[in-house]
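Coordinate analysis (summary)
Residues per chain are reported as follows:
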Amino acid sequence: MSKIYSKKLGKNIQKTRKQKGLSQEKLAELMGKSRNYIGMVERAELNVPVSVIFDFAKILNVEPKDFFNF
């Protein structure tokens, strides 16, 4: 995925997380990841596997496609 799309994906995950009232720490706990990992995804510092995008969607109660509205 290009860096531009990774950044948009990360921002959409962050926006959704905040709309749901979750901190990075709480989301990390629910996903079994570290807070640092969540931050890296939101800042597009790593490529996110599709399976993890589905995990984000499940925890945040949205459709995975919602993260790709850009």
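Please refer to the structure higher up on the page.
Residues numbered from 1 in each chain as written. Predicted model: local features only at pLDDT ≥ 70, side-chain atom pairs only at ≥ 80, totals over all residues. Heavy atoms only, no water.

If you look at the biggest cluster of nonpolar residues, it comprises 16 residues, and the most contacted ones within it are Leu27, Ile38, Phe56 and Phe67. Setting aside chain neighbours within four positions, we find Ile38 in contact with Gln24, Leu27, Ala28, Met31, Lys33 and Phe56. (Core = buried A, V, L, I, M, F, W, Y, C linked by side-chain atoms within 4.5 Å. Buried < 20%, exposed > 50% of the residue type's maximum accessible area, 1.4 Å probe, protein only. Contact = heavy atoms within 4.5 Å.)

Once that is clear, we can look at the packing of helix α2 (residues 24–31) against helix α3 (residues 35–42). Here α2 crosses α3 at 110 degrees, and the two axes come no closer than 8 Å. Taken together, the axes of α2 and α3 are roughly perpendicular relative to one another. Contact residues: α2 offers Gln24, Glu25, Leu27, Ala28 and Met31, while α3 offers Arg35, Ile38, Gly39 and Glu42. Grouping the constituent residues of the contact of α2 with α3 by class yields 4 nonpolar, 2 polar and 3 charged. (Axes fitted to C-alpha atoms, helices over the stretch in contact; angles between N-to-C directions. Helix = DSSP H or I, 4+ residues; strand = E, 2+ residues; numbered from the N terminus. Parallel < 35°, antiparallel > 145°, perpendicular 65-115°, else oblique. Nonpolar A, V, L, I, M, F, W, Y, C, P; charged D, E, K, R; others polar.)

Helix α4 (residues 50–60) packs onto α2 with a crossing angle of 110 degrees between their chain directions and a minimal axis gap of 10 Å. One finds that α2 runs roughly perpendicular with respect to α4. Helix-helix and strand crossings are classified by hand; for α2 and α4 the assignment is right-handed. Taking contact as the criterion, the partners of Leu27, Leu30 and Met31 in α2 are, on α4, Val52, Asp55, Phe56, Ile59 and Leu60. Class assignment for the residues of the contact of α2 with α4 results in 7 nonpolar, no polar and 1 charged. (Left-handed = near helix turned anticlockwise from the far one by under 90°.)

Checked against the element boundaries, Thr16 lands in helix α1 (residues 3–19). Using a relative accessible area of 12% as the deciding quantity, one classes Thr16 as buried. Not counting residues within four places of it along the chain, the set of residues in contact with Thr16 comprises Leu60, Val62 and Phe67.

A few words on the environment of Lys26. Within the secondary structure, Lys26 sits in helix α2. Using a relative accessible area of 36% as the deciding quantity, one classes Lys26 as partly exposed. Spatially, the C-alpha atom of Lys26 lies 15 Å from that of Ala57, the residues being 31 residues apart in sequence.

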